[in-house]
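One-letter residues, chain by chain:
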Amino acid sequence: NQIEGVFHMRNVSRVLDGGKLNRQALREEAEAPYFIPENTPLNTQLLHFQRQKKRLGMVVDEYGDILGLVALEDILEEIVGDIQDEYDVEPVLLREVGPGVIEVDGGIPLDDVEEALGIDLQDGDEEVTTAAGFVHLHMERLPAIGDSVEAEGVRVEVLDVEGHRLRRLRVTRLGGDSATEHGG
């Protein structure tokens, strides 16, 4: 609750003096903080950002306590959806690691897994839409790293878990008649 200023990282070279931080230059480079009441509607705040020529503001409650910060990009993304910039890293949702073997993000649509492996993983009765949902359906418990399940002609191994979320899975198409080929 004692913000003294906002410093943009693009200006870091201006505050370094022989590799050391020049505190006086830092104070001079920092902009005064810009405060936003918490109940300001998005469209109103968008206009305020434009008029004030600001891209970042501190959101405060009715008592003046800081609740967080909001950036112009946050508001634009609320309106138009995600905006990719040069700093965003596109997550790799599916990567082929061998014949009939893929590694996937747990949140990838099950349709994408089926298409990549050329198989049909659902009988139509199940109501799962992601690779992680497929694992939960067939394992019937919260899986841990190293767990695997075989069902519908595939073996799915858990490679990474964050909390209760399945982050990375390895899906291997198994031989035999248990997998139904697409289109046939």
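Residues numbered from 1 in each chain as written. Predicted model: local features only at pLDDT ≥ 70, side-chain atom pairs only at ≥ 80, totals over all residues. Heavy atoms only, no water.

Undergrad: Give a description of the pattern of salt bridges that names residues and reports values.
TA: Scanning the entire structure with this criterion turns up 9 salt bridges. The closest approach of N and O atoms between Arg165 and Asp105, which form a salt bridge, is 3.5 Å. Taken together, the positions of Arg165 in strand β11 (residues 165-173) and Asp105 in strand β7 (residues 101-105) put the pair 60 residues apart, joining distant regions of the chain. Of the charged contacts, one joins Glu157 and Arg170 as a salt bridge, the two residues approaching to 3.7 Å between their closest N and O atoms. Highlighted residues: Glu157 in strand β10 (residues 154-162) and Arg170 in strand β11, separated in sequence by 13 residues. Judged by relative accessible area, which is 23%, Glu157 ranks as partly exposed. Since its relative accessible area comes to 26%, Arg170 is described here as partly exposed. Among the ionic contacts, a cluster of salt bridges with common partners joins Arg95, Glu103, Glu150, Arg155, Glu157 and Arg170. (Salt bridge = Lys/Arg side-chain N within 4 Å of Asp/Glu carboxyl O. Helix = DSSP H or I, 4+ residues; strand = E, 2+ residues; numbered from the N terminus. Buried < 20%, exposed > 50% of the residue type's maximum accessible area, 1.4 Å probe, protein only.)

Undergrad: Requested: an account of a negative patch on the surface, with residues and values cited.
TA: The grouping of Glu73, Asp74, Glu78 and Asp82 at the surface amounts to a negative patch. Tracing the backbone shows Asp82 in the loop between α4 (72-80) and β6 (94-98). (Patch = residues over 30% accessible without salt bridge, like charges linked within 9 Å, V, L, I, M, F, W, Y side chains within 5 Å. Areas by Shrake-Rupley, 256 points an atom, 1.4 Å probe, with all protein chains shown as cover. Lys, Arg positive; Asp, Glu negative; His and termini not counted. Charge placed at Lys NZ, Arg CZ, Asp CG, Glu CD.)

Undergrad: Tell me about helix α6 (residues 131-139), and name the residues and values.
TA: For α6, the set of buried residues is Ala131, Ala132, Gly133, Phe134, Val135 and Met139. Looking at the buried positions of α6, the neighbouring elements they touch are β7, α5 (110-117), β9 (148-151), β10 and β11. At the exit of α6 stands Glu140, carrying a positive phi of roughly 60 degrees. (Contact = heavy atoms within 4.5 Å.)

Undergrad: Tell me what's going on with the environment of Leu110, and back it up with residues and numbers.
TA: Along the chain, Leu110 falls in helix α5. The spacing of Leu110 and Thr130 is 20 residues in sequence and 4.6 Å in space, taken between C-alpha atoms. In contact with Leu110, not counting residues within four places along its chain, are Leu121, Gln122, Val128, Thr129, Thr130, Ala131 and Phe134.

Undergrad: I'd love a proper account of the packing of aromatic side chains, names of residues and values included.
TA: The tally for this structure, following the rule as stated, stands at 1 aromatic pair. Between Tyr34 and Phe49, the aromatic rings sit 5.9 Å apart at their centres with planes inclined by 45 degrees, giving tilted as the arrangement. One end of the pair, Tyr34, is in the loop between α2 (23-29) and β3 (35-37); the other, Phe49, is in helix α3 (residues 42-52), with 15 residues separating them in the sequence. Take Tyr34 and Phe49: they sit in the same class, and that class is buried. (Phe/Tyr/Trp six-rings, centres within 6.5 Å; stacked < 30°, edge-to-face > 60°.)

Undergrad: Requested: an account of the environment of Val70, with residues and values cited.
TA: Here Val70 shows up in strand β5 (residues 66-71). Spatially, the C-alpha atom of Val70 lies 9.9 Å from that of Gln45, the residues being 25 residues apart in sequence. Aside from chain neighbours lying at most four places away, what touches Val70 is Ile36, Phe49, Arg55, Leu56, Gly57, Val59 and Ile75.

Undergrad: Now, about the sheet that holds strand β4 (residues 56-60): what can you tell me, with residues and values included?
TA: Ordered by their spatial adjacency, 3 strands build an open sheet running β3-β4-β5, and the pairing between neighbours is mixed. Where the open sheet ends on each side, the last strands, each with one partner, are β3 and β5. Mean inter-strand twist for the sheet, computed between neighbouring axes without regard to direction, equals 35 degrees. Sheet analysis places β4 next to β5, joined by 5 bridges and oriented antiparallel. Across the sheet, Val59 pairs through a bridge with Gly68, a residue of β5. (Pairing = 2+ DSSP bridges. Axes fitted to C-alpha atoms, helices over the stretch in contact; angles between N-to-C directions.)

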